[in-house]
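Listed below are the residues making up each chain.
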Amino acid sequence: MRIGIVTGQVWASKKVEQIPSGALIVVQLENDEKHVALDTLGCGIGERVLVAGDGAVAAVCQRELTAVDLVVTASLDN
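Residues numbered from 1 in each chain as written. Predicted model: local features only at pLDDT ≥ 70, side-chain atom pairs only at ≥ 80, totals over all residues. Heavy atoms only, no water.

## Remarks on the side chain of Asp-39
Move 1: Summarising the element assignment, Asp-39 is placed in strand 3 (residues 34–39).
Move 2: In terms of polar contacts, Asp-39 uses its side chain to reach the backbone amide nitrogen of Cys-43, at 2.7 Å. (Helix = DSSP H or I, 4+ residues; strand = E, 2+ residues; numbered from the N terminus. Polar contact = N/O pair within 3.5 Å; in protein donor to acceptor, adjacent residues only side chain to side chain.)

## Notes on the environment of Trp-11
Move 1: Assignment of secondary structure puts Trp-11 in the loop between strand 1 (2–10) and strand 2 (23–29).
Move 2: Trp-11 sits in the exposed class, given a relative accessible area of 73%.
Move 3: Along the primary structure Trp-11 and Ala-23 are separated by twelve residues, whereas in three dimensions their C-alpha atoms are 8.2 Å apart. (Buried < 20%, exposed > 50% of the residue type's maximum accessible area, 1.4 Å probe, protein only.)

## Some thoughts on the nonpolar core
Move 1: Residues Val-6, Ile-25, Val-27, Leu-29, Ala-37, Cys-43, Val-49, Val-51, Leu-70 and Val-72 constitute the largest nonpolar core, which totals ten residues.
Move 2: Elements supplying a minimum of two residues to this core: strand 2 and strand 4 (48–52).
Move 3: Looking at this core, the element that brings in the most residues is strand 2, giving three residues.
Move 4: Apart from the residues lying within four places of it in its own chain, the contact partners of Ala-37 are Ala-23, Leu-24, Ile-25, Val-27, Val-51, Leu-70, Val-71 and Val-72.
Move 5: Judged by nonpolar contacts, the second largest core, of five residues, contains Leu-24, Leu-38, Val-68 and Val-71. (Core = buried A, V, L, I, M, F, W, Y, C linked by side-chain atoms within 4.5 Å. Contact = heavy atoms within 4.5 Å.)

## Here we look at unusual backbone geometry
Move 1: The backbone of Asp-32 shows a phi angle near 75°, a positive value even though the residue is not glycine.
Move 2: Relative accessible area serves as the criterion here: at 57%, Asp-32 is assigned to the exposed category.

## So, the pairing of strand 3
Move 1: Here strand 2 runs beside strand 3; their pairing, made up of six bridges, is antiparallel. Counted as the bridge partner of Gln-28 is Lys-34 from strand 3.
Move 2: A loop of four residues connects strand 2 with strand 3, the two strands running antiparallel in sequence, and Asp-32 in this loop sits at a positive phi of about 75°. (Pairing = 2+ DSSP bridges.)

## Let's talk about the environment of Thr-40
Move 1: If you trace the backbone, Thr-40 turns up in the loop between strand 3 and strand 4.
Move 2: Taking relative accessible area as the criterion, Thr-40 reaches 43% and is therefore assigned partly exposed.
Move 3: Spatially, the C-alpha atoms of Thr-40 and Ala-23 are 6.5 Å apart, while their sequence positions differ by 17 residues.

Dropping the structure here:
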């Protein structure tokens, strides 16, 4: 798991069915890398979040095969 800040949103008018419902957001990690993550919690720009990959993606998306590789698992308090 990694900590990051939501810096933007990604809009997609079409997506494959292997991407579950939720918002696609841009998260800037503590090392300044930016990644796109699936957000099912409704986090906003400027919010600190915890993101995870691998097994957490399957658990949050509730399916083994998904086109998502990073998912928001928590909104962090300051």
